[in-house]
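The lines below spell out each chain.
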Amino acid sequence: MSAHAVVGGRLATGLADVTDDPSCLDSSGFWAVVTTFEGGRTFARFTDVRPFPGWESTPWNGIARESWQSSLDRDEYVAAVAQVRERIAEGELYQANICRVLSAPLAASTLVGLAARLSAANPAPYSSLIELPNHGVQVACASPELFLRRRGRQVESRPIKGTARTAEGLTAKDRAENVMIVDLVRNDLSRVASSGSVRVPALCAVEQHPGLVHLVSTVTAELEEGRGWADLLDATSPAGSVSGAPKSSALRVIGELEQGPRGPYCGAIGWVDADAGEGVLAVGIRTFWADGGELRFGTGAGITWGSDPQAEWAETELKAAHLLAVAAGEL
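All values reported here derive from a predicted model rather than from experimental measurement.

Chemist: Describe the pattern of salt bridges, naming the residues involved and giving the relevant values.
Modeler: Summed over all chains, the structure comprises 24 salt bridges. With a closest N to O distance of 3.0 Å, Asp26 and Arg150 form a salt bridge. Highlighted residues: Asp26 in the loop between β2 (10-19) and β3 (30-35) and Arg150 in strand β9 (residues 146-151), separated in sequence by 124 residues. Residue classification places Asp26 among the partly exposed positions, given a relative accessible area of 38%. Using a relative accessible area of 9% as the deciding quantity, one classes Arg150 as buried. Note that Asp188 is salt-bridged to Lys247, the shortest N-O span being 2.7 Å. Residue Asp188 is located in helix α3 (residues 172-190), and its partner Lys247 is located in helix α5 (residues 247-257); the two are separated by 59 residues in the primary sequence. In terms of burial, Asp188 and Lys247 fall into one category: buried.

Pasting the structure below:
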């Protein structure tokens, strides 16, 4: 299998360079991007980039639902939510995103078949496939969430917080959580933005996605003169919507309560055209990745003082259900 990427409606082949140095994104060429929640970074430059012609008929041996094992079972996850609520009561933080990673045996050598199924059964605005077989990267993403869009010095982020089956199911807790994360994203961007340029043109808009609805806000900014991708990634990673607030406290709590790394899940996945001075990175949710002979998939929920632990477990199940049905070959 040769290295390739399907990102931003383009097919990229002809791998020329792989690095972990983000300054490459302000140099030249077309780059596929995969970062992990823990801070790992892979930037791959491709020389042959053309419009993606669409998925051919590619087989995919479905992953049976009963094959998946969760890093946190129901009782463990509920206990973690209760622990976050205790820490909120103690003033340590006021929101944290608690996730679990599902794993199942993977026989396939490529995720092309899975990516094709995702495209058909779960179309997403930031869907992508990035496979770098000699560099340990195989990711099929169906993310609905924009982490960073950059055009020249203009930057946009669209954090998602608040999930329900229908718009009527969204609660005051969902809206409060969204506002908390918008404040965090504003603060992150302000570290590298021109003074006074950070704006929130849309707050708590309702968006329909396969099997559920989300609350989505939009935050924009203008990069300060002399700042680049390295500064932008350093200031904003990991994304506020999948970490928590204050971010430093949330990351500490996540490290204590989650059993194992998230990897590309909740990292950033996308592309940068350095020649054009633009790029789009999605938050790595609704994302499958291969790791050591296993297929992995993450799901989580944002926890506030208003959280009900059983309801938060149910939210992780809701977020996973449609995608696991796709992986099983049921859709």
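Chemist: So what's going on with the nonpolar core? Residues and values would help.
Modeler: Judged by nonpolar contacts, the single largest core of 75 residues is most densely connected at Leu25, Ile130 and Leu148. With six residues, helix α1 (residues 74-89) is the single largest residue contributor to this core. With near-sequence residues (within four places) excluded, Leu25 lies in contact with Trp31, Val33, Phe43, Trp229, Leu233, Val272 and Ala274. Counting 26 residues, the second-largest nonpolar core is a separate cluster that includes Ala140, Leu295, Leu323 and Leu324.

Chemist: An account of the layout of surface pockets is requested, with residue identities and associated values reported.
Modeler: There is about 260 Å³ of room inside the largest pocket. Lining the largest pocket are 22 residues, with Val7, Gly8, Tyr126, Ser127 and Ser128 positioned closest to its centre. Sorting the residues of the lining of the largest pocket by element identifies β1 (4-7), α2 (112-121), β7 (126-132), β15 (268-273) and β16 (278-283) as the ones contributing at least two each. Ranked by residue count, the leading element in the lining of the largest pocket is β7, at four residues.

Chemist: So, a nonpolar patch on the surface: which residues are in play, and what are the values?
Modeler: Taken together, the side chains of Val179, Val200 and Leu203 make up a nonpolar region of the molecular surface, amounting to roughly 210 Å² of accessible area. Mapping Val200 onto the fold places it in strand β12 (residues 199-209).

Chemist: How would you summarise the pairing of β9 if you had to cite specific residues and measurements?
Modeler: Judged by how many residues are buried, β9 sits mostly within the fold: five of six residues are covered. With four bridges connecting them, β9 and strand β10 (residues 154-158) associate as antiparallel partners. Paired with Arg150 across the two strands is Val155, which belongs to β10.

Chemist: Give me the lowdown on the environment of Trp271, citing residues and values where you can.
Modeler: Tracing the backbone through its elements, the reader meets Trp271 in strand β15. According to the relative accessible area criterion, Trp271 is buried, its value standing at 9%. Trp271 sits 113 residues away from Arg158 along the chain, and the two C-alpha atoms are 17 Å apart. Non-local contacts of Trp271, meaning those with residues more than four positions away in its chain, are made with Val7, Gly8, Arg10, Phe30, Trp31, Ala32, Glu278, Gly279, Val280 and Leu281.

Chemist: Let's hear about α2: which residues, and what values?
Modeler: Among the residues making up α2, those that are buried are Val112, Gly113, Leu114, Ala115, Ala116 and Leu118. Looking at the buried side of α2, the elements it contacts are β1, β7, β8 (137-143), β17 (287-291), β18 (294-303) and α6 (309-327).

Chemist: Can you explain the packing of aromatic side chains? Please cite residues and give values.
Modeler: Enumeration according to the criterion identifies five aromatic pairs in this entry. On the basis of an interplanar angle of 10 degrees and a centroid distance of 6.0 Å, the ring pair of Phe30 and Trp271 is categorised as stacked. One end of the pair, Phe30, is in strand β3; the other, Trp271, is in strand β15, with 241 residues separating them in the sequence. You'll find Phe30 and Trp271 in the same group, each marked buried. Judged by centre distance (4.6 Å) and plane angle (35 degrees), the ring pair of Phe288 and Phe297 falls under tilted. In this structure, Phe288 and Phe297 share a single accessibility class: buried. The ring centre of Trp305 lies 4.0 Å from the NZ or CZ of Arg85, which sits over that ring.

Chemist: Which residues make up empty space enclosed by the protein, and what are the values?
Modeler: For the structure on display, the rule yields four cavities of 30 Å³ or more. Along the walls of the largest cavity sit 18 residues, with Val242, Ile285, Arg286, Gly300 and Lys319 positioned nearest its centre. Considering each element in turn, the lining of the largest cavity owes the most residues, five residues, to β18. Here the lining of the largest cavity is composed, by residue class, of six nonpolar, eight polar and four charged.

About the criteria used
- Residues numbered from 1 in each chain as written.
- Predicted model: local features only at pLDDT ≥ 70, side-chain atom pairs only at ≥ 80, totals over all residues.
- Heavy atoms only, no water.
- Salt bridge = Lys/Arg side-chain N within 4 Å of Asp/Glu carboxyl O.
- Helix = DSSP H or I, 4+ residues; strand = E, 2+ residues; numbered from the N terminus.
- Buried < 20%, exposed > 50% of the residue type's maximum accessible area, 1.4 Å probe, protein only.
- Core = buried A, V, L, I, M, F, W, Y, C linked by side-chain atoms within 4.5 Å.
- Contact = heavy atoms within 4.5 Å.
- 1 Å grid on protein atoms, 1.4 Å probe; cavity = no way out; pocket = protein on both sides within 12 Å on 5 of 7 lines; lining within 4 Å.
- Points joined across faces, edges and corners; volume = space filled by probe spheres on them.
- Patch = residues over 30% accessible without salt bridge, like charges linked within 9 Å, V, L, I, M, F, W, Y side chains within 5 Å.
- Areas by Shrake-Rupley, 256 points an atom, 1.4 Å probe, with all protein chains shown as cover.
- Pairing = 2+ DSSP bridges.
- Phe/Tyr/Trp six-rings, centres within 6.5 Å; stacked < 30°, edge-to-face > 60°.
- Lys NZ or Arg CZ within 6 Å of the ring centre and 35° of its normal.
- Nonpolar A, V, L, I, M, F, W, Y, C, P; charged D, E, K, R; others polar.

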